[in-house]
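Residues per chain are reported as follows:
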Amino acid sequence: MASGSTQPQFRYTQPPSKVLHLRNLPWECTDEELIELGKPFGKIVNTKCNVGANRNQAFVEFEDLNQAIAMVSYYASSPEPAQVRGKTVYIQYSNRQEIINNKPTGDVAGNVLLVTIEGVDASHVSIEVLHLVFSAFGFVHKIATFEKTAGFQALVQFSDPQTAFAAKDALDGRSIPSYLLPENMGPFALKMTFSAHTDLNVKFQSHRSRDYTNPYLPVAPSAIDGGGQFFTSHDAKKQETESNVLLVSMENMQYAVNVDVLHTVFSSFGPVQKIAIFEKNAGFHALVQYPDIGTASAAKQALEGHCVYDGGFCRLHLTYSHHTDISVKVNNDRSRDYTISNTPILNNQPSILGQQPQPPIPGATSPQYNNAPPGQMPGLMTAPSPIGAWNMGVGPMTQLPSQMPHGPPYLSNSFAR
């Protein structure tokens, strides 16, 4: 009996068909890998993966018969066999003329997007940047990145097809904002289609894949340095140790932010115990203390990259602090201990931004800050309302303020075609 290595790569027992039968595929071969294999010869409009007892066979359907013939003819005469993940793939015409009961790849909305990042050194786009971009439209369950002949790609899994469709509709063909990228990198354009996947199989947390639904998933050995720390991106940022205290910094501070403003924002996720504002390296910083790590984690996950004021002003950047209990010696517009009731509030410390605003009063005229025209101060996030997509499954149901959009305000204007 002939061994598997000597069997012919093509069989001509069937007449030509738009549908090709592929054998000897690697385990859990994906639709994307099949599309990539057939892409040079034409458009694949349908696929059927993991067929047969060993799940190592598949069918691909081309848009046109001549495209299927071109693929068969090319590999029949080529010294290099068709390969997927280094395995030789055996190809023959199928006895069927179309694949039935399967979704046309890329055309029907699913909850997983196949994203191609185009640009020089696109592989340097970190998984954290991708998460920030796509989480603007809803909770991202999982991300897996990989490199193919088409370039650097990622699979991004949402909760449902509606959320994925909204992200695709807003981002397809646009570029990642330059301020999310390291200096002298980009531009990077996003091209995306719907994937046939519905649930990505992420086995490890690493700089190439992430499961945001399972914080207990093991970290890939390749993502751990000699000191036992987790590398999360190409610039070797180390994973922070979680804490109940968040370190807050802001960019694009065109409007003032005081303790009351921060309390309005952060108390949407649970009781805030203490807040302390300070200046470091000529920048605004604050410490926000929660009673537990779970509440702090939920707030950090939901608020990172969002803006305090409409129009992209006062964008939040959050990390975990090494502090666990903030020392507040006086209550004023720069520090507050909410665990002590009826404590007089002093105002004897100057603000780094001058006079601080009080929370907006309905019907009142907004104060003027940083030369903004009176009455045009952007809306501050106010009354909380539940948004299920932000529920991280940690602690109580998280809530976002009613004026907080589902995506950071920068998305509407900052993604340039």
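So, how was this worked out
Residues numbered from 1 in each chain as written. Predicted model: local features only at pLDDT ≥ 70, side-chain atom pairs only at ≥ 80, totals over all residues. Heavy atoms only, no water. Pairing = 2+ DSSP bridges. Helix = DSSP H or I, 4+ residues; strand = E, 2+ residues; numbered from the N terminus. Axes fitted to C-alpha atoms, helices over the stretch in contact; angles between N-to-C directions. Contact = heavy atoms within 4.5 Å. Salt bridge = Lys/Arg side-chain N within 4 Å of Asp/Glu carboxyl O. Buried < 20%, exposed > 50% of the residue type's maximum accessible area, 1.4 Å probe, protein only. Arc of directions from axis to C-beta. Polar contact = N/O pair within 3.5 Å; in protein donor to acceptor, adjacent residues only side chain to side chain.

A. Inspection of the sheet that holds strand 11 (residues 189-194) at higher detail. The strand order across the open sheet built from five strands is 11-8-10-9-12, with neighbouring strands paired in antiparallel fashion. Both outer strands of the open sheet, strand 11 and strand 12 (209-211), are each paired with one neighbouring strand and no more. Sheet twist, expressed as the average angle between the axes of neighbouring strands with direction ignored, equals 20°. For strand 9 (residues 140-148) and strand 10 (residues 151-158), the ladder comprises eight bridges, and the chain directions are antiparallel. Each bridged residue has a counterpart across the sheet, and for Phe146 the counterpart in strand 10 is Gln153. Sitting on the sheet, helix 3 (residues 127-134) touches strand 8 (112-118), strand 9, strand 10, strand 11 and strand 12, and the angle it makes with strand 9 is about 130°.

B. Representation of the environment of Ala196 in the model. With respect to the helices and strands, the residue Ala196 is situated in the loop between strand 11 and strand 12. Along the backbone, Ala196 and Thr30 are 166 residues apart, and their C-alpha atoms lie at a distance of 8.5 Å. In contact with Ala196, other than residues within four places in its own chain, are Asp31 and Glu32.

C. Highlighting the pattern of salt bridges. One pass over the structure, following the stated rule, counts six salt bridges. Among the salt bridges present, the one from Arg85 reaches Glu33, with a minimum N-O distance of 2.7 Å. With Arg85 in the loop between strand 5 (83-84) and strand 6 (87-88) and Glu33 in helix 1 (residues 31-38), the pair connects residues that are 52 residues apart, well separated along the chain.

D. Representation of helix 4 (residues 161-171) in the model. Within the sequence span of helix 4, burial applies to Thr163, Ala164, Ala167, Lys168 and Leu171. Each buried residue of helix 4 lies within a common arc of 135° when the element is viewed along its axis, so the set occupies one face. Counted as exposed and oriented over 90 degrees from the buried face of helix 4: Gln162 and Asp169. Between the side-chain oxygen of the N-cap and the backbone nitrogen of Gln162 there are 3.2 Å, and the N-cap of helix 4 in question is Asp160. Backbone geometry just downstream of helix 4 places Gly173 in the positive-phi region, at approximately 85°.

These figures capture arrangement, not role.
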